[in-house]
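Notes for the structure review
As a plain string of letters, each chain reads:
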Amino acid sequence: MKSIKTILFVAFIVCNLTAVSFAAGLIIDHTCTDIWQVPETWINQAKSDLHIAYGHTSHGSQLTSGMGSNGVALDQFMTANGATPDLYTWNNGGTGGALDFHDYFVSGDLGNPDRVTWAQRTRDYLNNSDNSDVNVVIWSWCGQADTSIANIDIYLDLMEDLIAEYPDVNFIFMTGHLNGTGLDSQLNLANEHIRNHCRTHGRILYDFADIESYDPDGFVNYMELRATDSCYYDSDENGLWDKNWALDWQNSYTLGEDWWESEAAHSQHLNGNLKGYAAWWLWARLAGWPDCQADIDQDSDVDGKDLSGFINQFYSSCLDYIASLFGK
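To keep things clear, this report deals only with the structure shown in the data block. (Residues numbered from 1 in each chain as written. Predicted model: local features only at pLDDT ≥ 70, side-chain atom pairs only at ≥ 80, totals over all residues. Heavy atoms only, no water.)

Turning next to the overall build of the protein chain. Of the regular secondary structure elements, the protein chain holds 12 helices and 9 strands. By the burial criterion, 53% of the 328 residues in the protein chain qualify as buried. Expressed as a percentage of contacts within the protein chain between residues at least 6 apart in sequence, the contacts between residues at least 24 apart total 69%. Of the roughly 14,000 Å² of accessible surface on the protein chain, a fraction of 50% belongs to carbon and sulfur atoms. (Helix = DSSP H or I, 4+ residues; strand = E, 2+ residues; numbered from the N terminus. Buried < 20%, exposed > 50% of the residue type's maximum accessible area, 1.4 Å probe, protein only. Contact = heavy atoms within 4.5 Å. Areas by Shrake-Rupley, 256 points an atom, 1.4 Å probe, with all protein chains shown as cover.)

Attention now goes to helix 6 (residues 149-165). Its 17 residues place the ends of helix 6 24 Å apart at the C-alpha level, agreeing with the 24 Å of an ideal helix rising 1.5 Å per residue. Among the residues of helix 6, Ile 152, Tyr 155, Leu 156, Leu 158, Met 159, Glu 160, Leu 162 and Ile 163 are the ones counted as buried. (Expected span 1.5 Å × (residues − 1).)

In strand 5 (residues 136-139), alternate side chains face the same way, and those of Val 136 and Ile 138 on one face and Val 137 and Trp 139 on the other are all buried. Where strand 5 and strand 6 (residues 170-174) come together, 3 bridges link them in parallel fashion. From the neighbouring strand, Ile 138 faces strand 6, where its bridge partner is Ile 172. Between the parallel elements strand 5 and strand 6, the chain passes through helix 6 in a crossover that is right-handed. (Pairing = 2+ DSSP bridges. Right-handed = clockwise from strand over helix to strand, strands pointing away.)

Our focus in this paragraph is the nonpolar core. Side chains of nonpolar character tend, in soluble globular proteins, to be buried together. Tyr 206 and Trp 283 are the most contacted members of the largest nonpolar core, which totals 55 residues. Here this core takes 11 residues from helix 10 (residues 269-286), the largest share from any one element. Residues within four places of Tyr 206 in sequence aside, it is in contact with Ile 28, Leu 63, Ile 138, Ile 172, Phe 173, Met 174, Thr 175, Ile 211, Lys 275, Ala 278, Ala 279 and Leu 282. Within the second largest apolar cluster, 29 residues are counted, among which are Trp 139, Met 159, Ile 163 and Ile 194. (Core = buried A, V, L, I, M, F, W, Y, C linked by side-chain atoms within 4.5 Å.)

Structurally, Thr 228 can be placed in the loop between helix 8 (208-211) and strand 8 (232-233). Residue classification places Thr 228 among the buried positions, given a relative accessible area of 10%. In sequence terms Thr 228 and Glu 212 are 16 residues apart; their C-alpha atoms lie 8.8 Å from each other. Among residues more than four places away in sequence, those in contact with Thr 228 are Leu 178, Asn 179, Gly 180 and Trp 241. For Thr 228, the side chain forms a polar contact with the side chain of Ser 230, separated by 2.9 Å. (Polar contact = N/O pair within 3.5 Å; in protein donor to acceptor, adjacent residues only side chain to side chain.)

A few words on the pairing of strand 6. Among the 5 residues of strand 6, 4 are classified as buried, and the element is accordingly described as predominantly covered. Bridging between strand 6 and strand 7 (residues 204-206) involves 3 bridges; their strand directions are parallel. Its bridge partner being in strand 7, Phe 173 is matched across the sheet by Leu 205.

A separate point is the packing of helix 9 (residues 245-252) against helix 10. Where helix 9 meets helix 10, the closest approach of the two axes is 8 Å, and the angle between their N-to-C directions is 90°. Considered as vectors, helix 9 and helix 10 are oriented roughly perpendicular to each other. Mapping the contact onto sequence places Trp 245, Ala 246, Trp 249 and Gln 250 in helix 9 and His 269, Leu 270 and Leu 274 in helix 10. For the contact of helix 9 with helix 10, the per-class residue count stands at 5 nonpolar, 2 polar and no charged. (Axes fitted to C-alpha atoms, helices over the stretch in contact; angles between N-to-C directions. Parallel < 35°, antiparallel > 145°, perpendicular 65-115°, else oblique. Nonpolar A, V, L, I, M, F, W, Y, C, P; charged D, E, K, R; others polar.)

With respect to topology, 7 strands assemble into an open sheet ordered 1-7-6-5-2-4-3, the strand pairing being parallel. Because the sheet does not close on itself, it has two edges, and the strands there are strand 1 (26-28) and strand 3 (90-91). For strand 3 and strand 4 (residues 99-103), the ladder comprises 2 bridges, and the chain directions are parallel. The residue bridging Asn 91 from the neighbouring strand is Asp 100, located in strand 4.

Okay, the packing of aromatic side chains next. Taken as a whole, this structure holds 16 aromatic pairs when the rule is applied. Between Trp 118 and Tyr 155, the aromatic rings sit 6.0 Å apart at their centres with planes inclined by 55°, giving tilted as the arrangement. Within this pair, whereas Trp 118 is found in helix 5 (residues 117-127), its partner Tyr 155 is found in helix 6, the two being separated by 37 residues in sequence. Residue classification places Tyr 155 among the buried residues on the basis of a relative accessible area of 2%. Here Tyr 155 and Phe 173 contribute two aromatic rings whose centre-to-centre distance is 5.9 Å and whose plane-to-plane angle is 70°, an arrangement assigned as edge-to-face. Pair noted here: Tyr 155 is in helix 6 and Phe 173 is in strand 6, with a separation of 18 residues, a long-range link. (Phe/Tyr/Trp six-rings, centres within 6.5 Å; stacked < 30°, edge-to-face > 60°.)

Below you can see the structure in the form of structure tokens.
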């Protein structure tokens, strides 16, 4: 029987070989919203390495609301619950040890004022020598992802053009927010088209729609129950939005311990929380976090405690492989 050390070592090698390369793509979705799983070392690495430009309008602000105003609100919540103080701060320029994050780096979004202007605004920004250090660009939809596949292809083609023109920049694809139309809707078809493109071409995706389709417990896909951007859904499938997954979860858990008031636009505090947590997961992954580590308890050795960490923390990129070593 393989020793625990051998199993963990092999798992470590496999996960690091597969995870640190984005050749197969990187999907940030509802499985990436437990911020406590992201090691502080990689949060600090992201703050050291990344220079991010984010373009959006109101719905896209849920991501930055979830990261807190310059990180202050999120940082206060995390510090109160045991994190290192000042870890989650951000500002334009990265002063004071914060993440360099240029919010609203230019005006508009992926569909405003039209479906193409955002791409040229991105070029103009990146071609400005003042922004030569920018290595991450992320754009958000407002409601315009609910459209034809032909229009989505305009977006995908423009993103591919930018990727080819700026090989040193990570361009983050995004899906559109939920609107209550459910599984068979044009919106879901459009979002699936974006997801399939990212999987096929090995791109990086912040799956906005998937993140707001699940509460933190992750058992129910509320999108399939016609969930809206404000988290209301049709619990009994009778055509009426009768429950709110975020409010129900907030009411079952403790403010200040399990969630915090993010003031997410068009939505609930919890949805903002999840968007911000997923954003930090993304930044850590871009900085090199493999999302699968052998020395989980960071005590400089690999032993049974680390195996327990694998099991308890449910690292999605490693579980199937580790299970196979144990014969499932």
